[in-house]
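As a plain string of letters, each chain reads:
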Amino acid sequence: AFHSRCLMAFHGVPKAENEEISVRPGMTRMPSVLRQNYDDEPGDETGFSASAHEKWARVRAQAMVFIQLRKSRFDDLRMRRKERIREVAIYVIFAGLFTYVALSSRDTSEAHFLVKTFKGTLEGTELPPSYQPNFFVVFADLVSIPDCWEFIRSVAMPTLYPSQTERVPILGNNFVVGKTRVRQVRVQGQECTLPPVMNGMDLKCYPSFTDEDGQHTDDPDNIWLQKYRDNIGDPNAPMQSWMRWEENTNAAFSNSVLETDYGNSGYVITFRPQNLSQGFLDLENAYNADWLNGNNTRAIFVELAVYNPNLNLFMTAVLSMEAHPTSGIVTTSTWRAVNLSRLLRFSSAVSFGLEFCVYGFVLLYFIIEFRQLKLFGAREYFSDGYNFITILNLLIFLVVFCLELYSVKTANTILSKDEGDLENYELQGVSFYTYQVYNWNSFNALLTWVRLVKYLDIISKKTKQLAGTLGKAALGVATLGVVFIIIYVGYALAFYLAFGPEMITYHTLGQSTFGLFRSIIGDFEFEALFKTNRVLGPILFVSFICIIFFVLLNMFLAVIMKSYEDVSIELERMPDELSSFMRRQLRRNVKDWVGERYRMLLNLPEPVSDDSHLSSEEIQKIYEEEKEQFQAMGIKDWKHLVAVADLNDDNELSLEEITAFTKDAMGGDDDGARELPYLLMKVVERTNAVIHEQKLVRGYIEKATRYTAATRAR
């Protein structure tokens, strides 16, 4: 019998120590993770307290099943967490690079002070007291053509060229570069269609400027030439350059209060750095020849460019004086401080190099989003509001890339010329496109950082609710938005027609739109409306507030609140497991780090576990006892075991959690589910007993073999 038992044990013992034990066909093989390895002889010390041993023994079978089930889910979540952390890290690097590039491409603070200095000087200097002894008149107060002449002759040109014969630094270490131009555009007087009562009056009309007007004015060449000859006393004096129409198709964009495109052509007085005295002479001759007048002149521009070598910044400016067809002068100014030579200074050169990295990231995100769009389809893809923001952000990056490519290429071409060949309009045009890069990047900065909110769900589930709310409410808000826009445009048109002639807030349809938006946020002008029109003012104002403010805006809020409630319920019913897992891991790491230092600081003892929990010390001892089984599951150490088995982040193993989790995993509260852990426990016990018996038999056989070999040797 002993011999047969030994043979059975011998054939049941694996050839290699790590091989599975062979079983008969038809038998169900027990997972290796549930087998207990008894390397020690019976009676060895367990290594942990009897109370912990008893608690572990009560749930050991269920705990092994529990840990095995949790381990597979834990591994999946940990892999997804690594992918998510990698995704977040890549995006944070991208956002950081873009922010650095955007900030270092131009020092906005220094550009502000450069613009402030020139703007304050040119627009804030008063006209000489000899011209207006009883009034303080600055650029914004100009109301007539004589005012414009005095500003140009007494303020603008003396500020830009104090010497009038050679170029010198102005307002610090700033230099006027290129050609400064004083330009005007004119219109031609034409016959008017008048009411019968006015037919006896010889009247002409001088309309607003249009592109068709061009050089077709009231023959200014002969008028100016004759006055010029009379003033200098030379009847044979030739025509001067400022008498001729200068055609120019290059782009030089400036603001216009009257919303008119004046182009870049016109009658021009040019100040060249190589011959400033000629420019001042032309200015005086033009003044004496009545080069500007109140009917034909529609707009006057002072166009200049300045370079500051300290900051490596170019600044272009256009001071506009628009003569309205009614009367008066409307003044505006456009100032642009830009960095056109980005490779000359180290910081700007580094940012220019890093910009290629940014566009590399943009290309990567284009590929990723295209694959996502192809995988999920357009309808499902754009149902998430963040995907819409992402696509918009990437498209704006594409626009910025095209603008920057053009501006950099053009700037390099312009700056490689001799200064004598440098035209003012060239700097005006390239500075406009460079400035558009800054403008579009401001949108990019907003969208890039808004997209970062998507990744904050690893810190708080509120951000997940926010993202879900935006996506879920998008369709309802869009539908309601169409209704809002229709009604809003109707009110904007009504306010424009009713109050535009008398109130600056509504003098154009665009201004009326913005004025009504100010009313929505509480900036009312009810008294002005009432004084302008005592009937329509109250009616339109009250109806606008009731319909837009009390009805439509509250409907917007209702749609968003309903979506927020639905998303909250959905997340409670089906929480995002990955986000919850990452938040739990973060809380555990923070709690462990803070708690350990808190205990070390105050010299506190370890917390005592009760009968229903296994503390971290007890888990550590259990891991050492069951080390081979846990390592077979892929659990590296006792901390890994805690991370897998702890469900409530208290660094303890709850026996109730094990029972509840196993019951749910095995099918709920039915009798079969309750019996399954018990049966598994019995199988584990029987398997461990067989393994232990095989080890004993193997030991006997090895002793007998060694004894036989020793006997033969003797």
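Because the structure is predicted, anything quoted here is derived from the model rather than measured.

This part is about the overall build of the protein chain. A count of helical and extended segments in the protein chain gives 20 helices and 11 strands. Counting only residues that meet the buried cut, the protein chain has 41% of its 714 residues in that class. At a minimum sequence separation of 6, the contacts of the protein chain that also span at least 24 residues come to 71%. Summed over its atoms, the accessible surface of the protein chain is roughly 39,900 Å², and 59% of this surface lies on carbon and sulfur atoms.

A few words on the side chain of N308. Note on placement: N308 falls in strand β7 (residues 297–308). Under the relative-accessibility criterion, N308 is labelled buried at 7%. In contact with N308, not counting residues within four places along its chain, are L114, N173, N174 and L313.

In this section: the pattern of salt bridges. For the structure shown, the criterion picks out seven salt bridges. Across the pair E284 and R153 runs a salt bridge, and its minimum N-O distance is 3.2 Å. In this pair, E284 is assigned in helix α6 (residues 276–288) and R153 in helix α4 (residues 145–160), connecting sequence segments 131 residues apart. Residue classification places E284 among the partly exposed positions, given a relative accessible area of 30%. The exposure class assigned to R153 is partly exposed, which follows from its relative accessible area of 24%. The closest approach of N and O atoms between K227 and D290, which form a salt bridge, is 2.8 Å.

On to unusual backbone geometry, then. The phi torsion at L171 lies on the positive side, around 50°, for a residue other than glycine. Looking at L171, the relative accessible area reads 36%, which means it is partly exposed. One non-glycine residue, N312, lies in positive phi territory at about 55°. What makes N312 buried here is its relative accessible area of 1%.

Our next topic: the packing of aromatic side chains. In total, this model carries 37 aromatic pairs according to the counting rule given. An aromatic cluster of at least three residues, connected via ring pairs, comprises W149, W224, Y228, W242, W245, Y267, Y287 and W291. Of note, R451 hangs over the ring of Y365, and the distance from its end group to the ring centre comes to 5.4 Å.

Remember that side chains alternate between the two faces of the sheet whenever the strand is regular. Within strand β6 (residues 266–271), six of the six residues are buried, which leaves the element mostly enclosed by the surrounding structure. Relative to β6, strand β2 (residues 180–186) runs antiparallel, the two sharing five bridges. Within β6, the position partnered with Q184 by the bridge is Y267.

This part covers the packing of helix α12 (residues 509–520) against helix α14 (residues 536–573). Between two packed helices, the angle of one axis relative to the other and the distance separating the axes together describe the packing. Following both chains from N to C, one finds α12 and α14 inclined at 65°, their axes separated by 11 Å at the closest point. The handedness of the crossing between α12 and α14 comes out as right-handed. Listed contacts from α14 to L516, S519 and I520 of α12 are F544, I545, I548, F549 and L553.

Rules and cut-offs
- Residues numbered from 1 in each chain as written.
- Predicted model: local features only at pLDDT ≥ 70, side-chain atom pairs only at ≥ 80, totals over all residues.
- Heavy atoms only, no water.
- Helix = DSSP H or I, 4+ residues; strand = E, 2+ residues; numbered from the N terminus.
- Buried < 20%, exposed > 50% of the residue type's maximum accessible area, 1.4 Å probe, protein only.
- Contact = heavy atoms within 4.5 Å.
- Areas by Shrake-Rupley, 256 points an atom, 1.4 Å probe, with all protein chains shown as cover.
- Salt bridge = Lys/Arg side-chain N within 4 Å of Asp/Glu carboxyl O.
- Phe/Tyr/Trp six-rings, centres within 6.5 Å; stacked < 30°, edge-to-face > 60°.
- Lys NZ or Arg CZ within 6 Å of the ring centre and 35° of its normal.
- Pairing = 2+ DSSP bridges.
- Axes fitted to C-alpha atoms, helices over the stretch in contact; angles between N-to-C directions.
- Left-handed = near helix turned anticlockwise from the far one by under 90°.

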